Protein chains: 2
Amino acid sequence: MPNTVKAILTSFRGKRELLHYYIAGLVDGEGSFSVAVIRHPSQTFGWMINPCFQVYQHEAHREILELCQWVFKTGSIYRKSGTNHVLNFSIDARRNLLEKVIPFFDRYPLIVKRDAYKSFRTITKAMEQGEHQTREGFCRLVTLAFTMNQQGKGRKHTLEYILESVKSAHGESSETLRRTPQGRG
Amino acid sequence: MPNTVKAILTSFRGKRELLHYYIAGLVDGEGSFSVAVIRHPSQTFGWMINPCFQVYQHEAHREILELCQWVFKTGSIYRKSGTNHVLNFSIDARRNLLEKVIPFFDRYPLIVKRDAYKSFRTITKAMEQGEHQTREGFCRLVTLAFTMNQQGKGRKHTLEYILESVKSAHGESSETLRRTPQGRG
């Protein structure tokens, strides 16, 4: 008999806290906290910082991703590009990360992905403060992103390349604005 | 700061039940319930059925496998053959499976690996009853093992080959003995 979210939730009735610890364990196994740095000409420095929380699962167990959707009250499920049978549960809207994902993992702590989560949290919260809109802040966050998940292994661009590119970009930023001499602002 | 089992256990002090739900989630992500069928000339029918519970983890997070060792009060950790950085926590002694692993997952239920665990449990308990010592029982358990984890995909031998081999083996078994006509037993 295939498992359903309804059946799972029934088995966890009255045990919400226990379900959340189960989810923390599952995420420590199959989850990912990543911060992509993507070329994006219309963004301030030509790059976009994109924190994303994901859980992978073979399509045979879609119910587990639906369970994540139920627990986090948000997130989309789609087929991972380039793979046939792997589904991806994903949350990347900053509001949802700040209001749903981060409070959850502050309360139900991770072990394996503890450090990646810590950097992910720092970056997402700093972006909420607009830190990525200053050149210095942008570089700090990108550098931190590159310390996560095997030190930038598998990334398309090197950290040096991105930092160099950001330094030479003409991006407007609050920092740039602050430095503009009076009378020209 | 690297995480240690001691630090993890401190954070779970007084919350043993929650730790166990975390472990169930982790196992649903990174664990495996497998039943190998291995050529073994000295065994009754020339094959050995070998149930094994495992958890994999990158060597950077050995602490999580040590945590499993602490939770199950048994199991060994070793480097997975053929891989450089993956460690393997493994329990395959039948006594430990029956007394430690099965009672744990009967109490802290799995979602993703529910069906694999169910077959694993049936096979391990049936072996404890000696079912694999009859030709018929042996074939039933091997057939059940082949329904687990992607229907025997990645196995060295096909189910048909093993069953054929078992049928033609000269293995002594309780079934054979029972069928021996009186006077010749």
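Structural data are supplied above this passage.
Residue numbers here run from 1 along each chain, matching the order of that chain's written sequence. Chains carry letters and ligands carry numbers; both start at the beginning, A for chains and 1 for ligands, and go up in the order they are written. Only residues with pLDDT of at least 70 get local features here, since the model is predicted, and only at 80 or more are side-chain atom pairs given and counted; chain-wide, interface and lining totals rely on the full set of residues. Excluded from the side-chain calculations are hydrogens and water; all other atoms, namely the structure's heavy atoms, are used.

Engineer: Would you mind going over the overall build of chain A in detail, with residue names and values included?
Structural biologist: By the criteria applied, helices consist of DSSP H or I runs no shorter than four residues and strands consist of E runs no shorter than two, each listed in order from the N terminus. Helix and strand counts for chain A come out as 9 helices and 4 strands. Restricting to contacts in chain A with at least 6 residues of sequence separation, those with at least 24 account for 62%. For chain A, the computed accessible surface area is about 9,800 Å², with 51% contributed by carbon and sulfur atoms. We call two residues in contact whenever any of their non-hydrogen atoms come within 4.5 Å of each other. Each accessible area value is a Shrake-Rupley result obtained with a 1.4 Å probe; residue values ignore everything except the protein chains displayed when judging cover.

Engineer: Please provide a residue-by-residue account of the packing of helix H4 (residues 94–107) of chain B against helix H5 (residues 114–128) of chain B, values included.
Structural biologist: Describing two packed helices takes the angle between their axes plus the distance from one axis to the other. Residues and elements named next belong to chain B. In contact at an axis separation of 11 Å, H4 and H5 are set at 145 degrees when each is read in the N-to-C sense. Crossing of H4 against H5: the hand is left-handed. Of the residues in H5, those in contact with Arg94, Arg95, Leu97, Leu98, Ile102, Phe105 and Asp106 of H4 are Tyr117, Phe120, Arg121, Thr124, Lys125, Met127 and Glu128. Only the stretch in contact is used when fitting a helix axis, every axis being a line fitted to C-alpha atoms; angles between N-to-C directions are given from 0 to 180 degrees. If you view the pair so one helix is near and one far, a crossing is left-handed when the near helix is turned anticlockwise from the far one by less than a right angle, and right-handed when it is turned clockwise.

Engineer: Hey, could you go over the relation of the copies chain B and chain A for me, with residue numbers and the actual values?
Structural biologist: Between the two chain copies there is a screw-like relation: a rotation about an axis and a shift along it. Screw-axis analysis of chain B against chain A gives a translation of 0.0 Å along the axis, an RMSD of 0.0 Å, and a rotation angle of 180 degrees. With respect to symmetry, the two chain copies, as superposed, fit the operation of a two-fold axis. A share of 100% of interface residues in chain B that are also interface residues in chain A marks the association as one of identical surfaces. Our superposition of the copies is a least-squares fit, built on the C-alpha atoms of residues whose pLDDT is at least 70 in both.

Engineer: Tell me what's going on with the sheet that holds strand E2 (residues 47–58) of chain B, and back it up with residues and numbers.
Structural biologist: All names here are of chain B. Paired strands, as defined in this entry, are two strands with at least two bridges between them according to DSSP. As summarised here, the arrangement of the 4 strands in space is E1-E2-E4-E3, forming an open sheet in which the pairing is antiparallel. The two strands at the open ends of the sheet, each matched to only one other strand, are strand E1 (31–39) and strand E3 (76–79). The mean angle between the axes of side-by-side strands here comes to 35 degrees, regardless of whether they run parallel or antiparallel. Of the strands in this sheet, E1, E2 and strand E4 (86–91) are in contact with H4, which crosses E2 at around 55 degrees. Across the sheet, H5 is in contact with E1 and E2; its angle to E2 comes to roughly 140 degrees.

Engineer: So what's going on with the packing of helix H5 (residues 114–128) of chain A against helix H6 (residues 135–145) of chain A? Residues and values would help.
Structural biologist: All names here are of chain A. Taken N-terminus to C-terminus, the directions of H5 and H6 make an angle of 160 degrees; their axes are 10 Å apart at the nearest point. As judged from the angle between their axes, H5 and H6 are roughly antiparallel. For the crossing formed where H5 meets H6, the hand is left-handed. Contacts between H5 and H6 involve Ser119, Thr122, Ile123, Ala126 and Met127 from the former and Arg140, Leu141, Leu144 and Ala145 from the latter. For the contact of H5 with H6, the residue count by class is 6 nonpolar, 2 polar and 1 charged. Between 65 and 115 degrees an angle is taken as roughly perpendicular, under 35 as roughly parallel, over 145 as roughly antiparallel, and anywhere else as oblique. Each residue gets one label: Ala, Val, Leu, Ile, Met, Phe, Trp, Tyr, Cys and Pro are nonpolar, Asp, Glu, Lys and Arg are charged, and the others, such as Gly, are polar.

Note that all results are geometric; they support no functional claim without further evidence.
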